[in-house]
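Structural overview for review
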Amino acid sequence: MSLNWRIALLAAAVGLYAGGRGAWVWQASEYGRQLADQAADYIEQLADKDRAYGREREEAAAAALEQLAEQQTQRQALDVRLQEQGKTHWQEMNDAQKTQARLRDRLATADLRLSVLVDAGAFATPGCDGGVRETAGTGGLVHGAVRAQLDPAHAQRVIAITDDGDRGLIALQACQAYVREVTK
């Protein structure tokens, strides 16, 4: 009986080993499959997130490119307006210089004489006209006003001063127009 007992015990041990080993292999295979499924799901989720992030980045890049194109269009329009203003400014400066040059030429040729109104009361003494006579002319603005003619050299200096003033005003207007255009 002892040999049967041993054979039965050996058969039970081999059966337990084969069953345990089979269960172990099956369980390892099942866990491996579950881990593979989880890894595949995780990889798929990462791929989905990566695709979504890529789409988001592409949309952001497209929006940035659209904004850049719009800004370039605005910049080009501003450049065109500023060029037109520059041409206008140059033309105004050129016209002012021509006008001043004509005035200087007319003063130099004695074609034009500058005169100033003189306060007659400042020189008035009884029975004396102070050496300043009233000009005889029908085109005066003030009837009977006492006028004194300026020396041509002084008249040239007055014209030069007004020329500088005119240029300054034109430059100021150009600067103001530039600032208005740039800050629109």
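In short, a report on the structure.

Concerning the pattern of salt bridges
Enumeration according to the criterion identifies 10 salt bridges in this entry. Among the salt bridges present, the one from Asp37 reaches Arg33, with a minimum N-O distance of 3.0 Å. Within this pair, Asp37 and its partner Arg33 are both found in helix α1 (residues 2-108), separated by 4 residues, close to a single helical turn. By relative accessible area, which is 42% here, Arg33 ends up partly exposed. A salt bridge links Arg75 to Asp79, with the nearest nitrogen and oxygen atoms 3.5 Å apart. Linking Arg75 with Asp79, this pair stays in helix α1, spanning 4 residues, or about one helical turn. By relative accessible area, which is 52% here, Arg75 ends up exposed.

Concerning a nonpolar patch on the surface
On the surface, Tyr42, Ile43 and Leu46 cluster together into a nonpolar patch covering about 320 Å² of accessible area. According to the relative accessible area criterion, Tyr42 is partly exposed, its value standing at 49%.

Examining helix α3 (residues 152-182)
Between the first and last C-alpha of α3 there are 44 Å, a value that for 31 residues agrees with the 45 Å anticipated at 1.5 Å per step. The set of residues buried in α3 consists of Ala155, Ile159, Asp163, Ile170, Ala177 and Glu181. Looking at the buried positions of α3, the neighbouring elements they touch are α1.

Considering the side chain of Glu181
In this fold, Glu181 is placed in helix α3. The class of Glu181 is buried, set by a relative accessible area of 12%.

Calculation rules
Residues numbered from 1 in each chain as written. Predicted model: local features only at pLDDT ≥ 70, side-chain atom pairs only at ≥ 80, totals over all residues. Heavy atoms only, no water. Salt bridge = Lys/Arg side-chain N within 4 Å of Asp/Glu carboxyl O. Helix = DSSP H or I, 4+ residues; strand = E, 2+ residues; numbered from the N terminus. Buried < 20%, exposed > 50% of the residue type's maximum accessible area, 1.4 Å probe, protein only. Patch = residues over 30% accessible without salt bridge, like charges linked within 9 Å, V, L, I, M, F, W, Y side chains within 5 Å. Areas by Shrake-Rupley, 256 points an atom, 1.4 Å probe, with all protein chains shown as cover. Expected span 1.5 Å × (residues − 1). Contact = heavy atoms within 4.5 Å.

These values are about where atoms sit, not about what they do.
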